[in-house]
Every structure is written in structure tokens, then in C-alpha cells.
Amino acid sequence: MSLDIRWLVPVAIVAAAPQCYAAKYMSEEQARMLIFAQADEFLAAPVQLTPEQMQQIDKLSGVAGRSPNQQVWRAMSKGVFVGWFFIDQVIGKHELITYAAGINADGTLRQFQIIEYLEAYGSQVRYTKWRDQFVGKTAASPLQIDVDIGNISGATLSCRHLTDGIKRLLVLQQSVLR
Amino acid sequence: MRPAMGTLLHVSAAGPDAAATETALDDAVASVDRVERLMSFHAQDSELTRLNRAAASAPQRVDPWTFAVLRRARRMAALSDGLFDITVAPLLVRQGLLPQSMDAPPDGGNWRDLTLLPDGRVFFERPLMLDLGGVAKGFAVDQAIHALRRGGCTEASVNAGGDLRRFGTRPHVIHLRRRTGLVPVAELRCGAVATSGGQDQDHERVAQPLGCIFDPRQRRAWAGTGSVMVAAPSCVIADALTKVAALAGPACKPLLARFGARALWHTVDIANIYIECS
């Protein structure tokens, strides 16, 4: 007998005006636990990209990076390296979406979680079914809406920008974290 | 889908063996019918009605299922310090919230007057009138789920008017009913969900509220607005905890955690919508 439920609503919100609210769905720690359940240690390994690395990643991923600084942790389980944990942000429609992503040691995407979503519409990108499409993707995957990633109508921009963000992280890992 | 327990019962299941699944579905529906036969407050010939008439005079032997529900209800009453109480029926009858099926005993009795004897018999220390409306439906859903699991189903869902339990691997999206339409609030793969709401918030409710909640402390129907959804490993616990979670609010989080349960409170006032989850 067990319970497996995930709220699709923020853990605490006060929504005033009709449709405008900021929603924090989980903390970074909760995202770590959801993505790397077996990890017992996260070693900070922040990356500062050189202009050349920035250019290369932009070119390979087809996505322009927003900052040379990338928050990265090495996830460890009983002293063994299991993957990289990233906190990253992309633009949704008008506002930034904060998300966490895990990349396995072999360079495949483990999972990602939305941490904070500030838009009134489009938070369907949190659905497991949509996020599960990314599991196992690599830097070589197309990662394009309507090619290997399904779109969510009403959340098109969030879908596209998150897909771009994941693609860029996969390329970044291949380029500088190997 | 068919009517049962004063609401609509919806059972669905899938398994490797179509014939076995078919049998399991029949067993599941039969389990719900059995709970209704035993524990209906309204039926004159239910075991509960017999208990209400006779258990203050002499200990009564009851079906193991009825005993199991009474045991859970009593434990919930003890742990919630009486916020959940199956002995408030006389007040409900007097306030017209339950039909008058027998002469209601004077109020003043509470869950402490319900004695469950070790040999499976039930005794009332003073005249009581029990109503299992707050737990029996959840228990029926659990029994239906057990039947489907026994029958080899790999994916199943039982929903009795908002008391829902499922197992399997596919996530099931639970919706919040709002004036503007259905809003998805949770993904449930395995476990149970039950919902209770205030009477006056018909348009701002989560899923299907189970009717009114009675507040044993205030001795009247709960005056709160909004609704509460409780998720728990079993439906009988989710069902019972919705009443506690509605009356106590987020302060009851430790009690919920004790049962491995989580809740979503959805309250509304003039200007704001508040949501809090555990």
C-alpha cells in the first residue's frame, strides 16, 4: 500500500488578481532529491565559460547562452560519481522559468523539474508526460518541438524555450564537463 | 459506471487476462454493494441500523468489515481528539442533515462511548447513533481495489463520487472544479484521494465534495469556505482525514504525516485564492 502523488499546483500561493501569480513549486533540494534520488552528496562545480566556449556551445546547440556562469553540482552516491545537476533559467513568454536538470555520467538526460514558473499560462510544462519525453536525450538528439518533443498548445513558448535550455545544457556538458 | 452509495460508482481496470479482469470488475462492484448493505445509515435492514437500535442494550456481533471500519473510525477519533467523530448523527438528524430513520438518542454521547470488544462484538456505553458516511465509502473503494488487485489487474481505478483510489503506472490527473472549468491540481499514480468542501462554495470546489462536514466542536455544519483534498495510501484514511483537514486546517499536518497522507487546502475569500499543500 503506497501513495504516489505529485501536486501540479504550487505548494503555497496567494493569488490576488485574476490570473497573475508567481509560483515556486519546489526548492532546489527537493529538485535534487527528485532527480538524483540515490545521491547522498552534491559537490558544487560551477562553470565559468570562456567567450570561446560560449561561442562553441551557442553554435553546437543553436541556442544563445544568457550567461557565462552556470550552476553545476556533481551528484555522488556513496563516493561514486553518478551525474551532473544543473540549476538553469530560461525565458518562458515574458518571465524567467527556473528549472533543475540532471545529466547522467554517460551524457544522457536523466530528468528535469520546474522549480519556479512565473507566467500565468503554460505551466503544463510541469506534467510528467511532457517532461518524460526528454529522458535519455543526448547532445546529438534533435530536441526540437514537433520533431522529437511534442508541443503543448497554450504553452508553446515555454515548451520551446525549455527544450532549447535542455539542449544547451547537454551540449555544455559534452563540451566542458567530460 | 452505475449508481451506488448515493453517488456514481466508476470502476475501470486493465490486466493481461481479459476474462480474469472481467471477473475482478464484478468482484469489485460486489464489494461496494456489500459495504453498502452492511453500513448504510438509510437502509432499515443494514447492519449499522441494527447496531444503532440494539448495541446500547447488549454487545452485538458484526461482520468483520463493519468491525474494521469501526476500529479505524475510533482510532481516527482518538488521534484527532474528536474532530472526526462517527457519533454526531443525532445532531445531524435534528438539524435536518440526515433523515430521521429511528428515534435519535439524546446527544451528549461521543466516540469514547463506542466500545469494540476483543471478540469482534460492539457495545455502546450509552445510546448512540452511528453514521459511517465519512468512512464507509472510502472503505468500499479500498475493498474494490483489493478485489481488482487479487484478480490480477495491473492498472485500476475506482471512483465513488470523488473518493478515488487507483494503482498502476500511468499518472492520473486530478482536477479542481472552478467556475472557469477544470484545473489540474495533482498527478496520482498510486494511492487514494478524497475531497470535502464547504456547502456554500459550490463553484469553488475540488473534484466532487462529499457533502457537508459537521464540526463536532461547534455542533453545527462547518462554516469554512473552500475545500480540502487529502491523498493517502488508502481511501478509508483519505476519506476520514478530509474532515479533520477541513476543520483543523494546515495545523493538522503532523497527523496527516502519521498516516502517510498529504493535503491540499484551497480556500477563497473576497479577493484572494489561497492554496497550501503538505
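Preceding this section is the structure that the text describes.
Note that the structure is predicted; figures quoted are calculated from it, not measured.

A. Quick peek at the overall build of chain A. Looking only at helices and strands, chain A has four helices and nine strands in total. Reading the secondary structure of chain A in the N-to-C direction produces β-β-β-α-β-β-α-β-β-β-β-α-α. Each of the 178 residues in chain A was classed as buried or not, and the buried ones make up 48%. Counted over contacts in chain A with a minimum sequence separation of 6, partners at least 24 positions apart contribute 59%.

B. Representation of the packing of aromatic side chains in the model. All names here are of chain A. Taken as a whole and assessed by the stated rule, the structure comprises nine aromatic pairs over all chains. Ring centres of Phe-42 and Phe-85 lie 5.7 Å apart, and the angle between their planes is 70°; on these two criteria the pair is classed as edge-to-face. Linking Phe-42 in strand E4 (residues 41-44) with Phe-85 in strand E7 (residues 80-91), this pair joins segments that are 43 residues apart in sequence. Like Phe-42, the residue Phe-85 is buried in the burial classification. Taking the centre distance of 6.2 Å and the plane angle of 85° together, the rings of Phe-112 and Trp-130 count as edge-to-face. Placement of Phe-112 in strand E9 (residues 109-117) and of Trp-130 in helix H3 (residues 128-132) is noted, with a sequence separation of 18 residues between them. Judged by relative accessible area, Phe-112 falls into the buried class, the value being 0%. The class for Trp-130 is buried, based on a relative accessible area of 5%. Lying across the ring of Phe-81, Arg-74 places its NZ or CZ 4.3 Å from the centre.

C. Representation of the packing of helix H1 (residues 18-39) of chain B against helix H5 (residues 136-150) of chain B within the structure. All names here are of chain B. Relative to each other, H1 and H5 sit at 155°, their axes nearing to 8 Å. Of the possible angle classes, the one that applies to H1 and H5 is roughly antiparallel. The hand of the H1/H5 crossing is right-handed. Here H1 contributes Ala-24, Leu-25, Asp-27, Ala-28, Ser-31, Val-32, Val-35 and Met-39 to the contact with H5, which in turn contributes Ala-136, Phe-139, Ala-140, Gln-143, Ala-144, Ala-147 and Leu-148. Residue composition of the contact of H1 with H5, by class: twelve nonpolar, two polar and one charged.

D. Spatial organisation of the side chain of Ser-31 of chain B. Structurally, the position occupied by Ser-31 of chain B is in helix H1. Apart from the residues lying within four places of it in its own chain, the contact partners of Ser-31 of chain B are Trp-65, Gln-143, Ala-144 and Ala-147 of chain B.

E. Fine view of the nonpolar core. Grouped together as the largest cluster of nonpolar side chains are 77 residues, with contacts concentrated most on Met-39, Val-122, Leu-130, Leu-132, Leu-148, Val-230 and Leu-241 of chain B. Residue contributions to this core peak at ten residues, all from helix H6 (residues 235-248) of chain B. Beyond its immediate stretch of four places on either side in the chain, Val-230 of chain B contacts Ala-192, Val-193, Ala-194, Ala-238, Leu-241, Thr-242, Ala-245, Leu-256, Ala-261, Arg-262 and Ala-263 of chain B. Counting 34 residues, the second-largest nonpolar core is a separate cluster that includes Met-54, Val-90, Leu-170 and Val-171 of chain A.

What counts and what doesn't
- Residues numbered from 1 in each chain as written.
- Chains lettered and ligands numbered in written order.
- Predicted model: local features only at pLDDT ≥ 70, side-chain atom pairs only at ≥ 80, totals over all residues.
- Heavy atoms only, no water.
- Helix = DSSP H or I, 4+ residues; strand = E, 2+ residues; numbered from the N terminus.
- Buried < 20%, exposed > 50% of the residue type's maximum accessible area, 1.4 Å probe, protein only.
- Contact = heavy atoms within 4.5 Å.
- Phe/Tyr/Trp six-rings, centres within 6.5 Å; stacked < 30°, edge-to-face > 60°.
- Lys NZ or Arg CZ within 6 Å of the ring centre and 35° of its normal.
- Axes fitted to C-alpha atoms, helices over the stretch in contact; angles between N-to-C directions.
- Parallel < 35°, antiparallel > 145°, perpendicular 65-115°, else oblique.
- Left-handed = near helix turned anticlockwise from the far one by under 90°.
- Nonpolar A, V, L, I, M, F, W, Y, C, P; charged D, E, K, R; others polar.
- Core = buried A, V, L, I, M, F, W, Y, C linked by side-chain atoms within 4.5 Å.

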